[in-house]
Amino acid sequence: MKYSILQRNLLAALFTLAAMLCAVALSAQNNNATQTIRGSIVDQESKQPLIGATVVVVGLEAKGAASDANGEFKIEKVPVGRRTLKVSYIGYEPLVV
């Protein structure tokens, strides 16, 4: 089958575009996107902050934080996705959310 110069250039451009789209899709799959989880830990009844409460990401126990003087915590560089957190504090039952 014979193609004109215009048709060959168009086919080459389409092939190049398809190859670039595949490369972008593959790099997006390999992207190590992360998220930051932050919040506050307070007593349910008194609403007072719980200083030093431990918050860990279930399944990623190396990822966690302790709440500060305001009961606030921040866990950085957590892989993107829904996560379950376990909150522990002396004198309280552990809470999984």
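This is a predicted model, so every value here is computed, not measured.

1. Overview of the overall build of the protein
In terms of helices and strands, the protein carries 1 helix and 6 strands. Secondary structure elements in the protein, listed N-terminal to C-terminal, are α-β-β-β-β-β-β. Counting over 97 residues, the protein shows a buried share of 16%.

2. Some thoughts on the side chain of Ser-67
On the secondary structure map, Ser-67 appears in the loop between β3 (60–66) and β4 (72–79). A polar side-chain atom of Ser-67 sits 2.5 Å from the main-chain carbonyl oxygen of Leu-50. Of note is the side chain of Ser-67, whose polar atom sits 2.8 Å from the backbone nitrogen of Ala-53. Excluding its chain neighbours within four sequence positions, the residues that come into contact with Ser-67 are Ile-41, Leu-50, Ile-51, Gly-52, Ala-53, Glu-72 and Phe-73.

3. Some details on the sheet that holds β3
Pairing is antiparallel across the open sheet formed by 4 strands, whose spatial order is β3-β2-β5-β6. What marks the edges here is a single partner per strand, and that holds for β3 and β6 (95–96). In this sheet, β6 lies alongside strand β5 (residues 85–88) in antiparallel orientation, the contact comprising 2 bridges. Residue pairing in the sheet places Val-87 in a bridge with Leu-95 of β6.

4. Some details on the confidence of the model for the protein
Model confidence for the protein is summarised by a mean pLDDT of 81, while 68% of its residues fall at 70 or above. Under a pLDDT of 50 for its full length, residues 19–26 has, in the predicted model, 0 contacts with residues more than four places off or in other chains.

5. Regarding the pattern of salt bridges
The full count for this structure, using the stated rule, is 1 salt bridge. Here Lys-74 ties to Glu-76 by a salt bridge, and the two come within 3.5 Å at their closest N and O atoms.

6. Looking at the nonpolar core
In this structure, Ile-37, Ile-41, Leu-50, Ala-53, Val-55, Val-57, Ala-65, Phe-73, Ile-75, Val-78, Leu-85 and Val-87 together form the largest nonpolar core, which totals 12 residues. Those elements that place two or more of their residues in this core are β2 (54–57), β4 and β5. What Val-57 contacts, discounting residues up to four positions off in sequence, is Ile-37, Lys-63, Ile-75, Val-78, Arg-83, Thr-84 and Leu-85.

7. Focus: unusual backbone geometry
Phi is positive for Lys-47, which is not a glycine, with a value near 65 degrees. Of note, Lys-47 is situated in the loop between β1 (34–40) and β2. Overall, Lys-47 belongs to the exposed group, its relative accessible area being 56%. The backbone of Lys-77 sits at a positive phi, close to 60 degrees, despite the residue not being glycine.

Conventions and cut-offs
- Residues numbered from 1 in each chain as written.
- Predicted model: local features only at pLDDT ≥ 70, side-chain atom pairs only at ≥ 80, totals over all residues.
- Heavy atoms only, no water.
- Helix = DSSP H or I, 4+ residues; strand = E, 2+ residues; numbered from the N terminus.
- Buried < 20%, exposed > 50% of the residue type's maximum accessible area, 1.4 Å probe, protein only.
- Polar contact = N/O pair within 3.5 Å; in protein donor to acceptor, adjacent residues only side chain to side chain.
- Contact = heavy atoms within 4.5 Å.
- Pairing = 2+ DSSP bridges.
- pLDDT = per-residue confidence, 0-100.
- Salt bridge = Lys/Arg side-chain N within 4 Å of Asp/Glu carboxyl O.
- Core = buried A, V, L, I, M, F, W, Y, C linked by side-chain atoms within 4.5 Å.

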